[in-house]
Amino acid sequence: MNIYYIETTKLDDFVSKLKKNHNVFSPYIKDPAAGEIDYFYKKSVDTEPLLFNTYRAVEPLKSFFTYPYEKVTEYFSAEKNITDILEKTIIFGVKSCDIAGHKIQDFVFLEGVGVDSLYRLRRENTIFISGDCTDFKEVCHCLAWDILPHPLLGFDLNLSPLNEGYLAEVGSIKGEELIQLGKEYFVQAKEIQISARKTKRDNLIERLKKHLLPQGLVLKDAVQKLVREGYNLDTWHNFMLTCVECGGCNLICDTCHCFLLADKKEDQINLKLKVWDSCLYANYARVAGGANPLKTRTQRLRNRFMKKFDFFVDNLGMPACCGCGRCIEVCPGKIDIREVLKDLAKKVTVKA
Amino acid sequence: MKNIYKPIEATIEDIIVETPTIKTFVLKTSESFEFKTGQFVELTLPGIGEAPFTPSSDPNVKEKLDVTMMNAGRVTSLLHNIPKNTSLGIRGPYGKGYPLEQFEGKDVLIVGGGVGLAPLRSLILALFARIDKYNKVVLRYGARTPEDLLYKELIPRWSRKKKVDVFTTVDVGDSSWKGNVGLVTTILKDLPVDLKKAISVVCGPPIMMKFVTLKLLDLGFSPKDIYLSMEKNMSCGLGKCGHCRIGSYYVCRDGPVFTYDILKDIPDIWE
């Protein structure tokens, strides 16, 4: 696909132009004094300059497409279907891990027995303007899952910072249309710029490898066999001890997709609600009559890993982890997905 | 585009009291609604909640469907207390159901426990509708007590049919009960089936299915010839909400009927 170059000031002009007929979300820094900076998304207004986030934001990408609590349909009324009257939306600052994790959401809601029409509508109305990572957080470990810190596919436009501007790579027809919309701002990228991008990317990968190699992480090709063989190990119990069943790991995960359908009456209108659920909650698997196949916290913690590293490897050919590390940051019990897998690996080898 | 979460309306035409804890609801849907035997539906009590059930009626009857349900949880306890002519919501059908074509020419052994006979009634009626295709139908059914037996008037009628062999049991008898007393596994002896051309279908509480499966294996049934109805917390029915995972399968999408050879290496399937 085509690669263009745009100067930083021109990018800001371009984005201002886009804001006239798009909702634009972009990252900002809540607390600039924090030791490790956190980026959050917000709706970007007016001529505010764009902030390039050096790594992924705190919120998972899924939160633009499924909501913690939302009405999905009315029934038995002279109803209009609930559909967002959606303005076109552009999300800046999406990272490679977000895009990888989002494959799981797309698989769940766009494929299989039926298509979730609200999800599809939001998806079709949204443009991803992603960016290379130029730094990483302590918890970042995308490389363990063969995910690079810059996206290769799945974006509409991808920005790579270069000198006083950005290289903008087109990843889709929507992306090419954007370029056409801002023709006056972009110029064709030169070979030398593209090779400079490669050097920057390689340097970041090297830095990330230096960070990750000493950790001795479990890697993509080994993980399914590992969780299967480690099914009966005490790892699950040991890591469960600090789990407070808050569900934070699920809710903030870019790949976790579980929800419950619930019903409600509002002004005499029947509503079907879709509410994010967490497999760490005690009632997650409970059936009428009280039987619960995931009675213990140990079973539920293990369930989370089996779903990610066994079910999805079989169903989609990839583990449902993108190495973003959000679950590690959010956990009040300091349960670290990397450490759980490493503990299994240590014990499975010892056993063999 | 169709909203996959939206139920259509179904009116309760009749309510049949089967046992002190089980009722059958005869539903008439506002739009045509067809299902294959063994598939399940989600019933909505409007504005209140939703739960999964496998219809208990003949899938060849298009204008109505029956749902036999035990008063067991939040939604079913409310459903047990509503009058006729109430409107419910219905979504589905979901899942794969029983592969009837694989039962052709076979001795079909059906083993039910408690309210597990409900989905099996649909299967039995589907088999009866084309009974010439099957070699015979053998039903073994157990309930806790005589009054907990489902379809008390139907079962004697079934047993008088040609090519059909029925035997029931209760865990605990009473003064009027003249039949067998013991778990359903105690009436799986001397079965009138030819193992070389027999398949078995089991539905009941998990603990019952576990011991029946072990017994059937012991009798010489091959794991691929044991069809089990798995119970999980199905919410969406569409393979999206995540709740009903067993190993690398979803009960709603890939089941709810599975052959034991698919399940046998998955840990904790009876939990």
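Structural notes, computed from the coordinates. Every chain's residues receive numbers from 1 upward, in the order its sequence appears when written. Chain letters start at A and ligand numbers start at 1, both assigned in the order the entries are written. In view of the model being predicted, local features appear only for residues whose pLDDT reaches at least 70, and side-chain atom pairs are presented and counted only at 80 or more, with totals across whole chains, interfaces and linings using the full set of residues.

1. Regarding the nonpolar core
As a reminder, the rule being used: The term nonpolar core means buried Ala, Val, Leu, Ile, Met, Phe, Trp, Tyr and Cys residues held together as one set by C-beta atoms within 7 Å. Here a residue counts as buried when 20 or more other C-beta atoms fall within 10 Å of its C-beta, as exposed when 12 or fewer do, and as partly exposed in between; the C-beta atoms come from the backbone. For the purpose of contact definition, each residue receives a C-beta atom placed from its backbone, and two residues are in contact when these atoms lie within 7 Å.
If you look at the biggest cluster of nonpolar residues, it comprises 163 residues, and the most contacted ones within it are I6 of chain A together with V108, I110, V201, V202 and L228 of chain B. Apart from residues no more than four positions distant in its own chain, V201 of chain B is found in contact with Y98, V108, I110, L120, L123 and Y227 of chain B.

2. Regarding the interface of chain B and chain A
Heads up, the rule is: Each helix is a run of DSSP H or I of at least 4 residues and each strand a run of E of at least 2, with the numbering of both proceeding from the N terminus. Residues were grouped as follows: Ala, Val, Leu, Ile, Met, Phe, Trp, Tyr, Cys and Pro as nonpolar; Asp, Glu, Lys and Arg as charged; and all remaining residues, including Gly, as polar.
Facing the 38 residues of chain B at the interface are 38 residues of chain A. Mapped by element, the contributors of at least two residues to the side of chain B that touches chain A are β4 (49-53) and β6 (87-94) of chain B. A per-element tally of the side of chain B that touches chain A places β4 of chain B first, with three residues. By residue class, the composition of the side of chain B that touches chain A is 13 nonpolar, 14 polar and 11 charged.

3. As for the pairing of strand β9 (residues 164-170) of chain B
Residue and element names in this part refer to chain B. Cut-off, in case you're wondering: Pairing between two strands requires that DSSP report at least two bridges joining them. We call a crossover right-handed when, viewed with the strands running away from us, the connection from the first strand over the helix to the second turns clockwise.
Two strands pair when backbone bridges link them, and strand β8 (residues 136-143) and β9 are joined in this way by seven bridges, in the parallel orientation. Among the inter-strand pairings, V138 is bridged to a residue of β9, identified as D165. Tracing the backbone out of β8, into helix α3 (residues 154-159) and back to the parallel element β9 gives a crossover that is right-handed. Where β9 and strand β10 (residues 180-181) come together, two bridges link them in parallel fashion. Bridge assignment links T169 to a residue of β10, and that residue is N180.

4. A look at the sheet that holds strand β7 (residues 107-113) of chain B
In a beta sheet, neighbouring strands are held together by backbone hydrogen bonds and run either parallel or antiparallel to one another. All names here are of chain B. One open sheet accounts for seven strands, arranged β10-β9-β8-β7-β11-β12-β15; its pairing is mixed. Because the sheet does not close on itself, it has two edges, and the strands there are β10 and β15 (257-259). Pairing of strand β12 (residues 226-229) with β15 involves three bridges; the strand directions are antiparallel. Its bridge partner lying in β15, S229 is registered against V257.

Shape is all these values report; function is a separate question.
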